[in-house]
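Here is what each chain is made of, one letter per residue.
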Amino acid sequence: MSFVTSARDGAVAVIRFGEPPVNSLGRETRLALAGEIAAAIADPAVLAIVLCGRNGLFSAGADIREFGTPAMLAAPNLGDLIVLVESSPKPVVAALEGTCLGGGLELALGCHYRVASDGAKLGLPEVKIGLLPGAGGTQRLPRLIGVENALNVILGGEALPAKLFVGSPLLAALVAGDPVPAAVTLAAERGPLHRDGEPLPKARDRSAAGPNVEPLLLFARNTARAAYAAYPAPLKCIDAIEAAATKSFDEGLATERSLFVELMFTPVSKALRHAFFAERATSKIADVPESTPLRAVNSAAVIGAGTMGSGIALTFLSAGIPVHLLETSDEALQRGVARIRQTIEGQVKKGRLTLEAATTRGALLKPTLHYEDLADADILIEAVFEEMGVKQQVFARLDQVAKAGAILATNTSTLDVDAIAAVTSRPADVIGTHFFSPANIMKLLEVVRGRSTAKDVLATTMRLAKTLRKTAVVSGVCDGFIGNRMIEQYIRQALFMLDEGASPMQIDAAVEAFGFAMGPFRMSDLAGNDIGWHIRKRRLVEHPEIIYSEVADRLCELGRFGQKTGAGWYDYRKGDRNAYPSPVVDALIATHRTSLGCAQRVIDAREIVDRLVYALVNEAAKILEEGIAQRASDIDMVYLTGYGFPVYRGGPMCYAEEVGLYTVVLRMQEFSRNPHGDPAFWTAAPLLARLAANGGAFNSVGARS
Ligand code: T1G
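Quick notes on the rules
- Residues numbered from 1 in each chain as written.
- Predicted model: local features only at pLDDT ≥ 70, side-chain atom pairs only at ≥ 80, totals over all residues.
- Heavy atoms only, no water.
- Helix = DSSP H or I, 4+ residues; strand = E, 2+ residues; numbered from the N terminus.
- Buried < 20%, exposed > 50% of the residue type's maximum accessible area, 1.4 Å probe, protein only.
- Polar contact = N/O pair within 3.5 Å; in protein donor to acceptor, adjacent residues only side chain to side chain.
- Contact = heavy atoms within 4.5 Å.
- Disulfide = S-S within 2.5 Å.
- Near = heavy atom within 4 Å.
- Salt bridge = Lys/Arg side-chain N within 4 Å of Asp/Glu carboxyl O.
- Pairing = 2+ DSSP bridges.
- Axes fitted to C-alpha atoms, helices over the stretch in contact; angles between N-to-C directions.

Peer 1: Residue-level account of the side chain of Lys-391, with values.
Peer 2: Structurally, Lys-391 is set in helix α15 (residues 388–401). The class for Lys-391 is buried, based on a relative accessible area of 1%. Within the local environment of Lys-391, its side chain forms a polar contact with the side chain of Glu-382, the two groups lying 2.4 Å apart. A distance of 3.4 Å separates polar atoms of two side chains, one belonging to Lys-391 and the other to Glu-386. Not counting chain neighbours up to four residues away, the residues in contact with Lys-391 comprise Glu-382, Val-384, Phe-385, Glu-386, Thr-410, Thr-412, Leu-415 and Ile-420.

Put into structure tokens, the structure is as follows:
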């Protein structure tokens, strides 16, 4: 079905295109557009052409799904289509509305005139997916707005208000509302003039050269090297823009093309494109159609005003949803309220929130000591101590007071949501909403689907997550769900490596060089070492077969819980969040090693990274095969948004596939020969072993992305 139509308005051909959902310029659209444009050029009754999008949107650019496939190069490729427009003997006017991004903006730059609605946003976001504008954008944009502005637009990758371009050759007019009538008027005016010989204004005929180009490029390069060392695209963008200022247009176009193809096949661009689609896939649930009716969520209640509870309350307040915050004692309640108010005041001080907005937000908070006050809440979220008995008591009470149809959510980070639901008369209304600390900042939300959770409760919670600006990932019920179940194996290997000879700083440095925001020991000091201690104690009772190094227990026995106690794996100084190596910890580890009689050895950074990352991958493969995660890319999103995994590596599953699953399994076999690293754990998960053996990929398993 063609998404391109052409209609006449006097002597102007109005060509409208728009493949849902975002008018991306896929092969079919490009082919149909080229046909309609060529027909308009050939039609003697047509003096000018207007190109416009559909549904209030011009275009989101090239179809990213085509990248790396023949469709992307299928004639006419985007560059050819733009040359067809630019070389038209009749003026082509682009009518820009909504978003006009990437190849969509490049198509508009190939037109002779552009008219934009005042709400339109223009941008070249290719750098955000590890690319550069590959259809002439790096050559035409500098010629229209100058090198400095082009550097900012292309390296920033942001969608910018069209009004910023008023007065530049890029934009002929900014109009209120629908830009098509104004574009038709302009086309009707210009058509006869150009028919009678007035030269058509083409970006390619302008110059981007200028006296300050060289220092601008030098500054841009230095900034890119410092800020984006792991990302190849920014420097290539600068190279392409330099070509616009120093080479002929056609030579510059050839340079751009070559740099674009180079970037297309970098692991970083593949990872960023993977993350782009992975983020959008998380909200797709195989047996819960998008048409599932949602329950209203206009008010919330949070039970527990501790760090998590107050963070969760803040998240709702930020979304403009009133919150009842309940505690069992006034002292605890006031502590929570103070924490919330301090955070809001801090946002005002940093200029992130106006005083008026802060006041409005603060007024939505309703502290209470009485469960009865929660009776009207649409969703009630429990955030009390991570102990099953305590949580079940709270849910039994919520079951008594909550109105019919209210969603009862637990913020448990590991416990069995089904066991919590079982103490209520309404297990279908019970769901897990595992926020990550600090809850008002971390994007990740694990939505834990219980055995009885109703589909509309799940759909409503997923929709609510978007309102709360969270990336929600559905998890089934298991100990630790997705993220914490995997991180447990990651931590176990980190502790084993302490026994074997590595130091906390060495291990942290190795994974931070790999790209993690924080290594396991700094992360544990931040979250609190007592959390892991509590889980290990539970493990010892419930799963004594799970081997753990005891070095972390020795640390906790000294009360070294991390930043909150001023000492953990590292020493901390008042008012200073830096982690300092601790002679006490060094001595503790040495004593522990002696008690083990464990052979000491130098562990290189490669082994540290491989053991930690492949521990994640091996556990993830089990999670995927058990159906706890819907798809591998969901697991990647958990690690990209909740655990500081480097986005330029796409997540543990994406990274493992980039390395090669066969290579990963071979490396795991090496680790299984180490008597101290829990050899049994390094038996490849059945799914991983199968895929490695037959050359399969993780994304062939589970729900469609
Ligand atoms: N290609 C293919 N699919 C796309 C797409 C694209 N460019 N943009 C969005 N989608 C899909 C998306 O996966 C989702 O699919 C649906 O559309 C709605 O997206 C040669 C090389 C336009 C601001 O980087 O920024 O041009 O989940 O949920 O919140 O130089 O989409 O429904 O199946 O994000 O309303 C450059 C990327 C491409 C723009 C709309 N362009 N897109 O946001 O919807 S490369 C981009 C966006 C290029 C040339 C280069 C946003 C949006 P599904 P959504 P939204």
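Peer 1: Any chance you could break down the state of the cysteines for me, citing the residues and the numbers?
Peer 2: Within this structure, the stated rule accounts for zero disulfides. In this model Cys-52 remains outside any disulfide bridge; the closest cysteine sulfur is found in Cys-111, 11 Å from its own. Among the cysteines around Cys-100, which has no disulfide bond, Cys-111 carries the closest sulfur, lying 9.2 Å off.

Peer 1: Break down the site of the ligand for me, with residues and values.
Peer 2: Lining the immediate environment of the ligand, one finds 24 residues, of which Ala-60, Glu-106, Gly-134, Arg-280 and Lys-284 sit closest. Separating a nitrogen atom of the ligand from a backbone N or O atom of Ile-64 is a distance of 2.9 Å. Here Glu-126 contributes a side-chain N or O atom positioned 2.8 Å from an oxygen atom of the ligand. Among the secondary structure elements, those contributing two or more residues to the shell around the ligand are α4 (103–110) and α11 (267–281). If one sorts the elements of the shell around the ligand by residue count, α11 sits on top with three residues.

Peer 1: Give me the lowdown on the pattern of salt bridges, citing residues and values where you can.
Peer 2: Applying the stated criterion to the full structure yields 45 salt bridges. In this structure, the salt-bridge partner of Asp-196 is Arg-195, at a minimum N-O distance of 2.9 Å.

Peer 1: Which residues make up the sheet that holds strand β17 (residues 471–475), and what are the values?
Peer 2: Taken in spatial order, the eight strands of this open sheet run β12-β11-β10-β13-β14-β15-β16-β17, and their pairing is mixed. Strand pairing shows two members of the sheet lacking a second neighbour, β12 (365–368) and β17, which therefore form its edges. Strand after strand, the sheet turns through a mean of 25° between neighbouring axes, direction not considered. Of the pairings in the sheet, the one linking strand β14 (residues 407–410) to strand β15 (residues 430–435) comprises three bridges and is parallel in character. Each residue of the ladder has a partner; that of Ala-409, found in β15, is Ile-431. Helix-sheet contacts for helix α12 (residues 307–318) involve β10 (300–303), β11 (323–326), β12, β13 (379–382) and β15, and the interaxial angle to β11 is about 170°.

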